[in-house]
Amino acid sequence: LQYNSFEDPRCEGYLEDGRTGMSPSTLKRAFLNNLFYVQGKFKALATPNDYYMALAYAIRDRLLQRWINTAAIYTAQGSRTVAYFSAEFLMGPHLGNNLINLDIYKDVEKGIAEMGLNLGELLEQEEEPGLGNGGLGRLAACYLDSLATLEIPSLGYGIRYEFGIFDQEIEDGWQVEITDKWLRFGNPWEIARPEWAVEVKLGGHTDHYVDDHGRYRIRWVPDQQVTGIPYDTPILGCQTNTANTLRLWTAEAPESFNFNAFNSGDYLGAVYEKVVSENISKVLYPNDDSSQGKKLRLTQQYFFVSCSLQDMIRILVGQELPLEKFHEKFAVQLNDTHPAIAVAELMRLLIDMHHMSWDSAWSITQRTFAYTNHTLLPEALERWPVELFGSLLPRHLEIIYELNDRFLDEVRIKFPEDDSRLSRMSLIDESGERYVRMAHLACVGSHAINGVAALHTELLKQDVLYDFYQMYPGKFQNKTNGVTPRRFMVLSNPALTELVTSKIGDTWIKNLGELQKLEAWADNPEFQQQWRQIKQANKQELAAYIQKHNGIIVDPNSIFDILAKRFHEYKRQYLDLLHIVTLYNRIKANPDIEITPRTFIFGGKAAPGYFMAKLIIKLINSVADVINRDPDVRGRLKVVFLKNYNVKLAQRIYPAADLSEQISTAGKEASGTGNMKFALNGALTIGTLDGANVEIREEVGAENFFLFGLTAEQVYAKRASGYNPMEYYNSNAELRLALDRIASGFFSHGDTELFKPLVDSLLHHDQYFLLADYQSYIDCQEQVGLAYRDQDRWTHMSILNAARMGKFSSDRSIQDYCREIWKVEPVTITLENSEVTDS
Ligand code: OX2
């Protein structure tokens, strides 16, 4: 190995080009250097993980020049910056994505192959940072990718959970949760910044006093203090020099060891504080779309919000800007209500710590924040018992009371003599036990409020936030979600990427609207055949994965009919199952019946405490066991449950899907984003008029979308007029047969108790209108089966679906946020005049 150092004539800076250069030979050398100097290994001893780490460090080195330059230029220019506050960032593995965004994937693949290794196998080694539950966390990750790609100065702020979303195992058909020890082998993508640690207070009480100048002041006297340590991860844009920062906070005790306790013989007490403090960032709450009102959860939220706001003040002061300019320097987006306590915390920091007047502080606060709502489900709307809230955040409770008094005065002026409106809108719910309503705090403290799809925003205005819409109509906006085509196409579907690029060039990667040019090829027989071959190859790969992990052989010529997302009753995995059981019953009744062969594939986790969701997983696996073994259905139906659905697995699934199941009860799914990723990869959608499905159907054309079910309006009307699911059971023979089959113990070795809660919930409540939508769904699936038999037609539809996904790029979403909410402009990052020079 030749060591290329300071003297290198190509290298003007003081770092050797082995850390910055992109040529294949430099990359190779850096890789071997890291294996030796960082991992302390050589070929004979190296594990696949050593190789992964060596490559990860080589690539991280290549990000650093961009990262440092980006920070330097933002600092020098005092650039207006977006701060995306989110309790979840579901980033997925970094290595592959960074190779794509650096545009060196192929070179590295080749270099690695020349050393007798396989890049795909190294990528598999990366333990993904699962710091999110589902759509909300993944949306935050897509948005960071787009912000960097669009060269927008931005910071992601969140929590560095030591344990992310649990790993899902399946035992005897049941979900079992395993702790996610993602940091076990170290994390090469982060850099700790202990020099920027901040202190966060908790608990205690407040003191009201008069200071030396005779001014009335309030002091928070906490009974606990923790330290927040930031860990930074670079977020590289696609084919730009921009590398923004994801800054995640870890909680530590200010003093990790209490000598007084130790000296007095209290050995446990000596480390007690450390343990208590570290618990704050220990584990991600595994609930999607629901809130449990646990104190530790509120502590987590306050912890990361306080750390982040203090960090932003540090940045502001470092740039010699006055605090009065906070809202000019930063636009803060609240990703749901999880960080909504920021409204009260910024008020506290400005008033108590920096002695600003209430009115100035409030004006800055409202101009700083904007709030994204992600759900219409009542159980997901966060509220904290006043007592719990006050015991943790006594000063914030006072601030919220004061805010509420002033806010309710405003309401009174606009809507006089309307007490019921006052109690509906109050920041405090006083209908029974008293609660702090976080969505109300977010609405009052923000200048913009948005939903995540057109229908969702309309329903927010008409229903969940109706009073706030009447009060502040100008605050409401829609921002339909989007997904990044870099991860969910270029990285995960390289063959399709190459085919598309061969026809329309590669500019679609940063300008997804250009995919529309593919429409010209939609009926070209040769193109169609290439399109089909790629889908087929992707299906074969997934089939191999299924055989390896589930021991089930599936037919790549069958329809890959996939439902992959968190398990929740409103998402209606159970409806998919009723279709499967119906097909099974038809075959049993008539063994020669013609059925287009299908492979039903499920993936997704259930919240550990969500009994019904876990029972549905068990039912899927029980149905799979029976159907996959029954010789009568051989060659026609297979059912597969893929365990541990996460970003990594999602990247294998989308490219292999023929049919994307988006079958939530209309009015329940705020947007959905999986729906976009499937369609981008050429899957056709069977779906309801819910969330972003509505807009996807508008874009791809009604003739290229399998629509079924009640509309949101019809669902409301039915509920209002008294919905009786039993009527459907009594009048629909196939539905009755399917439910009876489940109830009879047929799928549970004769046990009639096991699935009784599921059957009973449908017959007696059916909160999510499965029975009402059943026949429409079955009929629509019949159409899917027929359409698939005409492969030219199906391929035509598949191409058009992908070609018309331009709107659903997260680049479009982010551009809309930038223009209509954040008022922030791109900043170009150059690598000239930098301290380090590229080779
Ligand atoms: C999810 C919503 O359920 C989903 O519809 C949406 O696409 C996603 O957020 C991103 O906007 N927790 N998860 C969500 O909302 C909440 C609350």
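Treat the numbers as computed from the prediction; the structure is a model and nothing was measured. (Residues numbered from 1 in each chain as written. Predicted model: local features only at pLDDT ≥ 70, side-chain atom pairs only at ≥ 80, totals over all residues. Heavy atoms only, no water.)

1. A few points about the side chain of Lys-535
Okay, so step 1: By secondary structure assignment, the location of Lys-535 is in helix H21 (residues 525–550).
Okay, so step 2: Asp-658 provides the closest opposite charge to the buried, salt-bridge-free Lys-535, at an N-O distance of 5.4 Å.
Okay, so step 3: The residues contacting Lys-535, other than those within four sequence positions of it, are Tyr-654, Pro-655, Ala-656, Ala-657, Asp-658, Asn-681, Gly-682 and Ala-683. (Helix = DSSP H or I, 4+ residues; strand = E, 2+ residues; numbered from the N terminus. Buried < 20%, exposed > 50% of the residue type's maximum accessible area, 1.4 Å probe, protein only. Lys, Arg positive; Asp, Glu negative; His and termini not counted. Salt bridge = Lys/Arg side-chain N within 4 Å of Asp/Glu carboxyl O. Contact = heavy atoms within 4.5 Å.)

2. Notes on the side chain of Asn-621
Okay, so step 1: Looking at where Asn-621 falls in the secondary structure, it is placed in helix H23 (residues 611–629).
Okay, so step 2: Among the residues examined, Asn-621 registers a relative accessible area of 12% and is labelled buried.
Okay, so step 3: One polar contact links the side chain of Asn-621 to the main-chain carbonyl oxygen of Gly-173, over a distance of 3.1 Å.
Okay, so step 4: Residues in contact with Asn-621, not counting those within four places in the same chain, are Ile-170, Gly-173 and Phe-641. (Polar contact = N/O pair within 3.5 Å; in protein donor to acceptor, adjacent residues only side chain to side chain.)

3. A look at the environment of Ile-364
Okay, so step 1: Following the sequence through the fold, Ile-364 ends up in helix H12 (residues 358–368).
Okay, so step 2: C-alpha separation for the pair Ile-364 and Ser-664, spaced 300 residues apart in sequence, amounts to 40 Å.
Okay, so step 3: Setting aside its immediate chain neighbours within four residues, Ile-364 contacts Leu-323, Glu-324, Phe-326, His-327, Leu-350 and Met-356.

4. Digging into the packing of helix H11 (residues 342–353) against helix H14 (residues 394–414)
How two helices sit against one another is set out by the angle between their axes and by the gap between those axes.
Okay, so step 1: Put simply, H11 and H14 touch, their axes get as near as 9 Å, and they point 100 degrees apart. As far as their axial angle goes, H14 and H11 are roughly perpendicular. On the side of H11, the interface is formed by Val-343, Ala-344, Glu-345, Met-347, Arg-348 and Asp-352, while H14 contributes Arg-395, His-396, Ile-399, Ile-400 and Leu-403.
Okay, so step 2: Within the contact of H11 with H14, the residues separate by chemical class into 6 nonpolar, 1 polar and 4 charged. (Axes fitted to C-alpha atoms, helices over the stretch in contact; angles between N-to-C directions. Parallel < 35°, antiparallel > 145°, perpendicular 65-115°, else oblique. Nonpolar A, V, L, I, M, F, W, Y, C, P; charged D, E, K, R; others polar.)

5. Here we look at a nonpolar patch on the surface
Okay, so step 1: Among the surface-exposed residues, Phe-36, Tyr-37 and Val-38 lie close enough to one another that they form a single nonpolar patch of about 360 Å² accessible area.
Okay, so step 2: Note on placement: Tyr-37 falls in helix H1 (residues 24–37). (Patch = residues over 30% accessible without salt bridge, like charges linked within 9 Å, V, L, I, M, F, W, Y side chains within 5 Å. Areas by Shrake-Rupley, 256 points an atom, 1.4 Å probe, with all protein chains shown as cover.)

6. A closer look at the site of the ligand
Okay, so step 1: The full set close to the ligand counts 15 residues, and Asp-289, His-374, Asn-481, Glu-669 and Gly-672 are the nearest of them.
Okay, so step 2: Between the ligand and the protein, one listed contact pairs an oxygen atom with a side-chain N or O atom of Tyr-570 at 3.4 Å.
Okay, so step 3: Interatomic distance of 3.1 Å between a backbone N/O atom of Ser-671 and an oxygen atom of the ligand.
Okay, so step 4: Relative to its free-state accessible area of 400 Å², the ligand is covered by the protein chains to the extent of 96%.
Okay, so step 5: For the shell around the ligand, the per-class residue count stands at 5 nonpolar, 6 polar and 4 charged.
Okay, so step 6: Counting contributing residues, the shell around the ligand receives three or more from each of domain 2 (78–93 + 128–481) and domain 3 (491–808). (Near = heavy atom within 4 Å. Domains from an automatic or database assignment.)

7. Topic: unusual backbone geometry
Okay, so step 1: In the Ramachandran plot, Asp-289 falls in the positive-phi region, its phi being about 60 degrees despite a non-glycine side chain.
Okay, so step 2: By relative accessible area, which is 19% here, Asp-289 ends up buried.
Okay, so step 3: Backbone geometry places Asp-336, a non-glycine residue, at a positive phi of 70 degrees.
Okay, so step 4: Tracing the backbone shows Asp-336 in the loop between strand S13 (330–335) and H11.
Okay, so step 5: Given a relative accessible area of 5%, Asp-336 falls into the buried group.

8. Describing the domain arrangement of the chain
Okay, so step 1: Looking at the assigned domains, one finds that the chain contains domain 1 (1–77 + 105–127), domain 2 (78–93 + 128–481) and domain 3 (491–808).
Okay, so step 2: On a C-alpha basis, the centres of domain 1 and domain 2 stand 36 Å from each other.
Okay, so step 3: For the pair domain 1 and domain 2, the summed buried surface comes to about 2,100 Å²; carbon and sulfur atoms form 57% of the total.
Okay, so step 4: Its largest share of buried area at the contact with domain 2, domain 1 owes to Trp-67, Tyr-74 and Glu-127, together 42% of the area lost on that side. (Buried area = accessible area lost by both parts, 1.4 Å probe.)

9. Some thoughts on the pairing of strand S18 (residues 448–451)
Okay, so step 1: The side-chain alternation of S18 yields two buried faces, one formed by Ala-448 and Asn-450 and the other by Ile-449 and Gly-451.
Okay, so step 2: The sheet contact formed by strand S14 (residues 369–372) and S18 spans 3 bridges and is parallel. Bridge pairing in S18 links Tyr-371 to Ile-449.
Okay, so step 3: As paired strands, S18 and strand S19 (residues 476–478) are joined by 3 bridges and run parallel to one another. Looking at the pairing, Asn-450 lines up with Gln-477 of S19. (Pairing = 2+ DSSP bridges.)

10. Quick word on the packing of helix H22 (residues 573–589) against helix H31 (residues 770–789)
Okay, so step 1: Relative orientation of the contacting elements H22 and H31 amounts to 60 degrees, with a least axis distance of 10 Å. If you check the angle between H22 and H31, you find them oblique. Seen from above, H22 lies across H31 with right-handed handedness. Residues Tyr-574, Leu-575, Asp-576, Leu-578, His-579, Thr-582 and Arg-586 of H22 form the contact with H31, whose participating residues are Leu-770, Leu-771, Tyr-774, Tyr-777, Ile-778, Gln-781 and Glu-782. (Left-handed = near helix turned anticlockwise from the far one by under 90°.)

11. A look at the environment of Glu-324
Okay, so step 1: Mapped onto the elements, Glu-324 comes out in the loop between helix H9 (295–318) and helix H10 (326–329).
Okay, so step 2: Put simply, Glu-324 and Ala-361 are 37 residues apart on the chain and 8.4 Å apart in space, counted from C-alpha to C-alpha.
Okay, so step 3: Among all residues touching Glu-324, those that are not within four sequence positions of it are Met-356 and Ile-364.

12. Let's talk about the environment of Gly-40
Okay, so step 1: With respect to the helices and strands, the residue Gly-40 is situated in the loop between H1 and helix H2 (48–77).
Okay, so step 2: Here the alpha-carbon distance between Gly-40 and Pro-194, two residues 154 residues apart in the chain, equals 26 Å.

13. Some words on the sheet that holds strand S21 (residues 598–603)
One key point about sheets: their strands pair by backbone hydrogen bonds, in either a parallel or an antiparallel sense.
Okay, so step 1: As summarised here, the arrangement of the 6 strands in space is S22-S21-S20-S23-S24-S25, forming an open sheet in which the pairing is parallel. Single-partner strands in this sheet number two, and they are strand S22 (637–642) and strand S25 (706–707).
Okay, so step 2: Inspection of the sheet shows strand S24 (residues 684–687) paired to S25 by 2 bridges, in the parallel sense. What sits directly across from Gly-687, in S25, is Leu-707.
Okay, so step 3: Its contacts with the sheet put H22 on strand S20 (559–564), S21, S22 and strand S23 (659–662), and the angle it makes with S21 is roughly 155 degrees.

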